[in-house]
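Chain by chain, the residues run as shown.
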Amino acid sequence: MTTLSVGIDQISFYTSNFYLDLGVLAERNGIDIGKYHRGIGQEKMGVPAHDEDIVTLAANAADRIVTDEERARISTVLFATETGIDQSKAAGVYVHSLLNLRNDCRVVELKQACYSCTAALQMACALVARNPEQSVLVIAADVARYDLGSAAEPTQGCGAVAMIVKAQPRLLEIHPQVGNYTEDVMDFWRPNYRKTALVDGKFSTKMYLKALINSWDNYQNNGGLPIGSLSRFCYHLPFTQMGKKAHNSLFRHTKDSSQAGLDKDEFDAKLQDTLTYNRIIGNSYSASMFIGLASLLENSQADLAGQHIGFFSYGSGCVAEFFAGTVVAGYEKALFADAHQAMLDARHALSYDEYLDLWHYPDPCEGEVVTMRAGATGKFKLARIYEHKRDYVCC
Ligand code: CAA
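From a predicted model like this one, the values you see are computed outputs, not experimental measurements. (Residues numbered from 1 in each chain as written. Predicted model: local features only at pLDDT ≥ 70, side-chain atom pairs only at ≥ 80, totals over all residues. Heavy atoms only, no water.)

Enquirer: Would you take a moment to explain the sheet that holds strand β4 (residues 74-80) for this structure?
Expert: Strand order in the open sheet formed by 9 strands is β5-β4-β6-β7-β1-β8-β13-β12-β11, and the pairing between neighbours is mixed. Only two strands of the sheet have a single partner each, and these edge strands are β5 (106-110) and β11 (230-235). Ignoring strand direction, the axes of neighbouring strands in this sheet form an average angle of 25 degrees. Note that strand β8 (residues 172-182) and strand β13 (residues 319-327) share 8 bridges and pair antiparallel. Residue pairing across strands places Leu172 opposite Val327, the latter belonging to β13. Against the sheet, helix α3 (residues 54-63) engages β1 (6-14), β4, β6 (135-144) and β7 (157-167), with an angle of about 135 degrees to β6. With respect to the sheet, helix α5 (residues 91-98) is in contact with β4, β5 and β6, its orientation differing from that of β5 by roughly 140 degrees. (Pairing = 2+ DSSP bridges. Helix = DSSP H or I, 4+ residues; strand = E, 2+ residues; numbered from the N terminus. Axes fitted to C-alpha atoms, helices over the stretch in contact; angles between N-to-C directions. Contact = heavy atoms within 4.5 Å.)

Here it is in structure tokens:
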């Protein structure tokens with residue numbers, strides 16, 4: 001029996017046109033910029049305009065890949081987020097409307113911190129395996145927001161990624177073997193009544209690394225590829241230094257088990273190009289590992305065709321997964337590298353006061369009418385909130 005090839009056919013991401021240079025934050029907080037640049041590995045963080053939210057970020061990311069041909073094939077939208085805008089209605093339903101998707105298309109929202117997009121991807125692969133004629137639109141969108149002045153403040157950011165999952169994909173075939181790890185811990189969470197996340201920062205980094213090793217071991221037990229067969233690694237990237245710590249940790253854990261022996265410099269090079277975008281976008285929670293994948297595919301000078309990529313997805317709380325995929329020959333023809341670079345280059349740097357002003361976004365709770373101040377440059381915007389309803393526009 002031949003196995004059907006299923007995976008990511010297209011990938012597109014979007015972030016706000018506003019960012020804060022961490023040099024501005026370092027000066028304001030009296031911190032040596034080396035701590036941000038080298039200690040956490042970040043340079044800039046995306047900050048959403050008042051007329052942007054997870055719906056507009058998601059719709060702007062997906063618009064590029066939802067062609068008329070795809071519109072006819074998309075049977076399901078899986079929307080991963082931990083920045084939900086409603087306890088009941090799935091954010092993807094707004095996106096379904098903004099993108100004019102078919103009425104006979106199912107839409108659902110998934111949550112488990114930053115992990116949920118990986119769950120969405122696996123579910124999408126299963127749906128496509130069941131009916132290879134269909135496409136599934138997988139979207140992840142988040143705004144990472146922590147308290148002003150907290151240690152986590154420089155690890156904010158925002159972004160969305162959209163992927164078409166289908167049979168015979170042009171970018172990446174996803175392998176069926178996975179390794180999972182779940183443990184009930186309080187390392188990062190956001191109760192319903194809070195706008196910002198609570199985090200036990202140092203503990204969260206320890207849990208991330210513990211979950212990595214356990215997921216890897218489970219992946220090995222489930223018939224996963226040996227460490228030496230993986231030529232690149234994409235990790236969940238709350239900040240890029242976390243990816244480097246994870247990579248070092250996996251090296252130490254696996255070096256004795258590798259029959260060929262692992263060279264540290266060669267192993268370090270396997271992280272190359274995955275961090276480029278996240279370093280200047282910041283944390284986009286559920287989207288961040290997949291923006292790392294786009295960064296790798298779009299920035300690698302090496303031909304990645306036929307190479308196996310390892311993925312480690314971590315969602316605080318916590319649920320984690322290690323899985324892998326193989327890059328498809330000709331993948332570079334299906335990328336949007338120039339459009340992504342142009343979007344990143346066109347962003348506007350905020351002053352500290354402008355950042356503060358955007359951070360305090362309007363959040364009407366009494367049903368009053370609030371028209372959002374214009375700021376976003378994307379095609380889709382949040383126009384107003386009135387009578388507890390959100391009104392989106394397409395420009
Ligand atoms: N030059 C270079 N490096 C410097 C420096 C300087 N001048 N000053 C400090 N550093 C280094 C420190 O040595 C440290 O390095 P190591 O981690 O290698 O020891 C690093 O900068 C960070 O400094 P601190 O140890 O003082 O840590 P902090 O108080 O700044 O907090 C943090 C760091 C805990 C990550 C905090 O930013 C945080 O809570 N972030 C949010 C939580 C998070 O992202 N957790 C990640 C795992 S959970 C997850 O992945 C889910 C998710 O998306 C949230």
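Enquirer: Where do I start with the packing of aromatic side chains in this structure?
Expert: Two aromatic rings are characterised by how far apart their centres lie and by the angle between their planes. Considering all chains together, one arrives at 16 aromatic pairs under this definition. Clustering of aromatic rings is evident, with ring pairs tying together Phe233, Tyr235, Phe251 and Phe267. The residue whose ring lies beneath Lys44 is Tyr19, and the NZ or CZ to ring-centre distance is 4.6 Å. When the ring centre of Phe251 is taken as reference, the NZ or CZ atom of Lys264 above it lies at 5.5 Å. (Phe/Tyr/Trp six-rings, centres within 6.5 Å; stacked < 30°, edge-to-face > 60°. Lys NZ or Arg CZ within 6 Å of the ring centre and 35° of its normal.)

Enquirer: What am I meant to see in the side chain of Glu70 here?
Expert: Relative to the helices and strands, Glu70 resides in helix α4 (residues 68-73). On the basis of relative accessibility, which here comes to 5%, the residue Glu70 falls in the buried class. Look past the residues within four positions of Glu70 in its chain and what remains in contact with it is Asp9, Ile65, Ser135, Ile164 and Lys166. (Buried < 20%, exposed > 50% of the residue type's maximum accessible area, 1.4 Å probe, protein only.)

Enquirer: Hey, could you run me through the pattern of salt bridges in this one?
Expert: Opposite charge on two side chains permits pairing when their charged atoms draw close. This model, assessed by the stated rule, comprises 15 salt bridges. Two residues, Arg390 and Asp53, come together in a salt bridge whose shortest N-O distance is 2.9 Å. Taken as a pair, Arg390 in strand β17 (residues 389-394) and Asp53 in the loop between β3 (44-46) and α3 lie far apart in primary sequence, 337 residues in all. Look at Asp53 and you get buried, because its relative accessible area is 7%. Asp363 is the partner of Lys195 in a salt bridge, and the nearest nitrogen-oxygen pair spans 3.9 Å. Taken together, the positions of Lys195 in the loop between β9 (188-189) and β10 (198-199) and Asp363 in the loop between α13 (352-359) and β15 (370-371) put the pair 168 residues apart, joining distant regions of the chain. (Salt bridge = Lys/Arg side-chain N within 4 Å of Asp/Glu carboxyl O.)

Enquirer: Help me out: how do you make sense of the site of the ligand in this one?
Expert: Around the ligand, 25 residues are found, and the nearest of them are Asp32, Lys35, Ser204, His236 and Lys245. Arg38 has a polar side-chain atom sitting 3.5 Å from a nitrogen atom of the ligand. Ser204 is positioned with one of its side-chain polar atoms (N or O) 2.8 Å from a nitrogen atom of the ligand. Taking 1100 Å² as the accessible area of the ligand by itself, protein coverage stands at 73%. Where the shell around the ligand is concerned, the elements lending two or more residues are α2 (33-40) and α7 (201-221). In terms of residue count, α7 provides more of the shell around the ligand than any other element does, 5 residues in total. (Near = heavy atom within 4 Å. Polar contact = N/O pair within 3.5 Å; in protein donor to acceptor, adjacent residues only side chain to side chain. Areas by Shrake-Rupley, 256 points an atom, 1.4 Å probe, with all protein chains shown as cover.)

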